[in-house]
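Geometric and topological summary
Next come the chains, spelled out residue by residue.
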Amino acid sequence: MSRLALTLACWDYDRTRALADGRVRPEGIELNLLPLHVEETFFRMLRGREFDASEMSLSSYCVSLQKDDPAFVAIPVFPSRFFRHSCIFVSAKSGICEPKDLVGKRIGVPEYQMTAPVWIRGILSDEYGVDPASVEYFTGGEEEPGRDEKLKLSLPPQFRVTPIPADRTLSQMLADGEIDALHTARTPSTFYSRPQDVKRLFPNFLEVEKDYFRRTGFFPPMHVIALRRDVYEENRWIARSLLKAFEAAQAIAYENLRVTSAMISMLPWQVAAVEEAVSVLGPNWWPYGVAENRAVLDTFLRYHHEQGLSKRRLSVEELFAPETFEAFKI
């Protein structure tokens, strides 16, 4: 019996490896998994719709839903999650010592609509009173000149967003003091090459992030799995089939991390890290599905709207294929 051939672009995560090597095969699907870095995947899917399905920035996906004819529909699989307090960098020349010092400053972001800066701006607003409209944003390549927004934005006037010169990078501008801070997903190279000039806003980010989770229960999702809507509409069963397959692959990753006879990763204290993750976040510390993620997703959608990226506040129900909200019971 023939299987539906689908191409999925997604980075080489431990939680997706069983899909890549065939240990998990989605029901009815012959899956061709391309292990691309996220920037390439996002660019090619959002600009050219090159894949049947792909990993996608949660924010970019939400922006795409507001088009007259939305091109994608997601399933509640979150291949990337990240606490982003560690991803706020400041120039030593800026005089910034604590979050409130960001007000009125020049903030670099590779793209305003990126998921990581949406979370960072939201957290800074909720936790520290830094209004997202109280700073000026500068967009462009972090390490390579010439990056622009993958999606066209129409922001309210209170959000001031300016592209940096075509021959400059945010990493260099931060170290030189041309911008005061950087909200990003990737650690800038100058944090390592010029440590005297580039610092983290939260040097003790591990303690700050644990405290944030204990108070909110949020382990922020960064990416979803998005299906091209035309592919989904022709075969609506693939949403549930792929969700089940991602869950099965993740279960293998969970189990491998718990093996103590030999470590699956090169982290010398993997066992301690897993035990700490369970003690702080619980045994299912990376949940898929709608129910366990509803509160954190609703908060993200509030941030997306407050920051001018959504004309109206989207609902969680609008994000995902309806086939993924419920499953049969016996």
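The present account deals with the structure reproduced in this document. Not measured: the values here are computed from a predicted model. (Residues numbered from 1 in each chain as written. Predicted model: local features only at pLDDT ≥ 70, side-chain atom pairs only at ≥ 80, totals over all residues. Heavy atoms only, no water.)

**Considerations on the overall build of the protein chain**
- Secondary structure summary: the protein chain contains 11 helices and 11 strands in total.
- The C-alpha radius of gyration of the protein chain comes to 20 Å, within 12% of the 20 Å expected for a compact globule of 330 residues.
- Projected onto the principal axes, the alpha-carbon positions of the protein chain cover approximately 65 × 50 × 35 Å.
- The buried share among the 330 residues of the protein chain stands at 52%.
- Excluding contacts between residues fewer than 6 apart, the proportion of contacts in the protein chain whose partners are at least 24 apart in sequence is 78%.
- In the form shown here, the protein chain has an accessible surface area of approximately 15400 Å², with 54% of it arising from carbon and sulfur atoms.
- Measuring between centres, the 40 positive side-chain charges of the protein chain sit 1 Å from its 46 negative side-chain charges. (Helix = DSSP H or I, 4+ residues; strand = E, 2+ residues; numbered from the N terminus. Rg over C-alpha atoms; globule rule 2.2 N^0.38 Å. Buried < 20%, exposed > 50% of the residue type's maximum accessible area, 1.4 Å probe, protein only. Contact = heavy atoms within 4.5 Å. Areas by Shrake-Rupley, 256 points an atom, 1.4 Å probe, with all protein chains shown as cover. Lys, Arg positive; Asp, Glu negative; His and termini not counted. Charge placed at Lys NZ, Arg CZ, Asp CG, Glu CD.)

**A closer look at the packing of helix 4 (residues 115-128) against helix 11 (residues 294-306)**
- Interaxial distance between helix 4 and helix 11 falls to 9 Å at its minimum, and their mutual angle equals 90°. One way to sum up the angle between helix 4 and helix 11 is to call them roughly perpendicular. In this structure, helix 4 contributes T115, V118, W119, G122, I123 and D126 to the contact, and helix 11 contributes V296, T299, F300, R302, Y303 and H304.
- Taken together, the residues of the contact of helix 4 with helix 11 sort by class into six nonpolar, four polar and two charged. (Axes fitted to C-alpha atoms, helices over the stretch in contact; angles between N-to-C directions. Parallel < 35°, antiparallel > 145°, perpendicular 65-115°, else oblique. Nonpolar A, V, L, I, M, F, W, Y, C, P; charged D, E, K, R; others polar.)

**Points about the packing of aromatic side chains**
- Within this structure, the stated rule accounts for 14 aromatic pairs.
- Their ring planes at 40° and their centres at 5.6 Å tell us that W119 and F300 sit as a pair that is tilted. Taken together, the positions of W119 in helix 4 and F300 in helix 11 put the pair 181 residues apart, joining distant regions of the chain. Each member of the pair W119 and F300 is classed as buried.
- Relative to W286, the ring of F219 has its centre 5.4 Å away and its plane inclined at 80°; by these criteria the two rings are edge-to-face. With a gap of 67 residues between them, F219 in the loop between helix 7 (205-216) and strand 11 (223-228) and W286 in the loop between helix 10 (270-281) and helix 11 connect regions that are remote in the sequence. Taken as a pair, F219 and W286 share a single burial class, namely buried. (Phe/Tyr/Trp six-rings, centres within 6.5 Å; stacked < 30°, edge-to-face > 60°.)

**Structural notes on the sheet that holds strand 6 (residues 106-109)**
- Spatially, the six strands line up as an open sheet ordered 8-7-6-9-5-10, and their pairing is mixed. A single partner strand is all that each edge strand has here, and the edge strands are strand 8 (160-163) and strand 10 (198-200). Within this sheet the neighbouring strands show an average axis-to-axis angle of 30°, counted without direction.
- Where strand 5 (residues 88-91) and strand 10 come together, three bridges link them in antiparallel fashion. Counted as the bridge partner of F89 is R200 from strand 10. (Pairing = 2+ DSSP bridges.)

**Concerning the sheet that holds strand 1 (residues 4-9)**
- Strand order in the open sheet formed by five strands is 2-1-3-11-4, and the pairing between neighbours is mixed. Lying at the two open borders of the sheet, with one neighbouring strand each, are strand 2 (29-34) and strand 4 (72-75). Direction aside, the axes of adjacent strands within the sheet are offset by 35° on average.
- Docked against the sheet, helix 2 (residues 38-48) engages strand 1, strand 3 (53-57), strand 4 and strand 11, running at close to 110° with respect to strand 3.

**Focus on the environment of T139**
- Of note, T139 is situated in strand 7 (residues 136-139).
- Here the alpha-carbon distance between T139 and P163, two residues 24 residues apart in the chain, equals 4.7 Å.
- When sequence neighbours within four positions are dropped, the list of residues in contact with T139 reads V109, P110, Y112, E149, V161, T162, P163 and I164.

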